[in-house]
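Each chain, letter by letter, is given below.
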Amino acid sequence: MSRSAENGLPTSVTPDDLDFAVQLAVAVLREAPPSAWDAKAGSLEWDCWETVEHLSDDLFAYAAQLGPRTPPLDGEVPFVWVARRPGGPANVIHADRTAGPGGLLRVLEASGALLVAMARTTPPQVRAHHVFGVSDAEGFAAMGIVETLVHTHDLAQGLGLGWSPPADLCSRVLGRLFPNAPATTNPWLTLLWATGRAELDGHPRLTTWRWDGTPRT
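Residues numbered from 1 in each chain as written. Predicted model: local features only at pLDDT ≥ 70, side-chain atom pairs only at ≥ 80, totals over all residues. Heavy atoms only, no water.

(A) Representation of the overall build of the protein. For the protein, the helix and strand inventory stands at seven helices and two strands. N-terminal to C-terminal, the α/β element order of the protein is α-α-α-β-β-α-α-α-α. Compactness check: the protein gives a C-alpha radius of gyration of 17 Å against a globular reference of 17 Å for 217 residues, within 12% of the reference. The C-alpha extent of the protein, read off along each of the three principal axes, is 50 × 45 × 30 Å. In the protein, buried positions account for 53% of the 217 residues. Nonlocal contacts in the protein, meaning residues at least 24 apart in sequence, comprise 68% of its contacts between residues at least 6 apart. Accessible area for the protein stands at about 10000 Å²; split by element, carbon and sulfur atoms hold 55% of it. The averaged location of the 24 negative side-chain charges in the protein is 2 Å from the averaged location of its 16 positive side-chain charges. (Helix = DSSP H or I, 4+ residues; strand = E, 2+ residues; numbered from the N terminus. Rg over C-alpha atoms; globule rule 2.2 N^0.38 Å. Buried < 20%, exposed > 50% of the residue type's maximum accessible area, 1.4 Å probe, protein only. Contact = heavy atoms within 4.5 Å. Areas by Shrake-Rupley, 256 points an atom, 1.4 Å probe, with all protein chains shown as cover. Lys, Arg positive; Asp, Glu negative; His and termini not counted. Charge placed at Lys NZ, Arg CZ, Asp CG, Glu CD.)

Given below as C-alpha cells:
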C-alpha cells in the first residue's frame, strides 16, 4: 500500500496538483532579491538562474514527450539541448537575461503550463518514453511536481528563502513515483531523502536514486 493510501489521502496525482506546485514555486521565487540569482543553487553545480532554466526545460520536455500523436517509446523527441557554458545545464529552454528575474519566472510558469495542459488532455492509455521508464500522463505530471518541489528547494537554499511544500502533495508524488519510500516519515523530508538531498532518521542517505514512473494501471 502506498504512503497516500495508508494515510487516507487521494492516491492519484492530477494536473491541478502540478499547476499548484508550479504556482507555489513561482510565488516563493518572486521573493528573491534581484542580486541573488548568480548564487549557487544548494548542492547543485549550477547557479540559481541556470537552475530555473533547467527546471523550465524539464517541464517543457515532459510536455513535449506527450505531444506527438504517437509519442516515442524508445527515446526523446529530438530537440537540440545546448549548454551555454561548460558544466552548465544542457537545455532547449533558455531565458533572455535582459528580461530579468521576472522574465525568468514567466518562462518557468509558461513551461509548467505546457505540461499541465498536456497532462489534462492526453488520454490515460497513452505512453511515452522517459529515461527512468515508459510512463503515462499522470506519471509525467508527478515527475514535473517532483522536479518543481526539489529544485525549488535547491533554489531556496541559494536564494535565502524558506520553502516547505504541502505534506499531502509530497505524499501523493511519493506514492506515485517512489512506492518503496518509507511510509511513516515526514513526507517532505522523505521526498528530499528519496532524491538524494537529505538524511532521514533510520535510513542511510542515498548517493544514487531514481523514481519509478511505471503506469499504475
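(B) Structural view of the packing of helix α6 (residues 167–177) against helix α7 (residues 187–194). Their axes nearest at 8 Å, the elements α6 and α7 cross at an angle of 40°. With respect to each other, α6 and α7 are oriented oblique. Two packed elements cross with a definite hand, and for α6 against α7 that hand is left-handed. Residue-level inspection shows A167, C170, S171, V173 and L174 of α6 in contact with α7, the latter providing P187, W188, T190, L191 and A194. A class-by-class count of the residues in the contact of α6 with α7 yields eight nonpolar, two polar and no charged. (Axes fitted to C-alpha atoms, helices over the stretch in contact; angles between N-to-C directions. Parallel < 35°, antiparallel > 145°, perpendicular 65-115°, else oblique. Left-handed = near helix turned anticlockwise from the far one by under 90°. Nonpolar A, V, L, I, M, F, W, Y, C, P; charged D, E, K, R; others polar.)

(C) Highlighting the environment of P72. Assignment of secondary structure puts P72 in the loop between α3 (48–65) and β1 (82–83). Judged by its relative accessible area of 19%, P72 falls in the buried class. Considering only alpha carbons, one finds P72 and A117, 45 residues apart in sequence, at a separation of 19 Å. Setting aside residues up to four positions removed in sequence, P72 forms contacts with Q65, V77, A128 and H129.

(D) Highlighting the packing of aromatic side chains. Taken as a whole and judged by the stated rule, the model has six aromatic pairs. Pairing F178 with W211 gives two aromatic rings, centres 6.5 Å apart and planes at 85°, and the pair type is edge-to-face. With F178 in the loop between α6 and α7 and W211 in the segment after α7, the pair connects residues that are 33 residues apart, well separated along the chain. Grouping residues by exposure puts F178 and W211 together as buried. Put simply, the rings of F132, F178, W209 and W211 pair up and form one aromatic cluster. (Phe/Tyr/Trp six-rings, centres within 6.5 Å; stacked < 30°, edge-to-face > 60°.)

(E) Layout of α3. The end-to-end C-alpha distance of α3, which contains 18 residues, comes to 26 Å, matching closely the 26 Å that a straight helix rising 1.5 Å per residue would cover. Counting buried residues in α3 gives 18 out of 18 residues, a clear majority hidden from the surface. (Expected span 1.5 Å × (residues − 1).)

(F) Representation of the side chain of T122 in the model. Checked against the element boundaries, T122 lands in the loop between α4 (100–121) and α5 (137–159). Relative accessible area serves as the criterion here: at 10%, T122 is assigned to the buried category. Discounting chain neighbours no more than four positions away, the residues touching T122 are L66 and A137.

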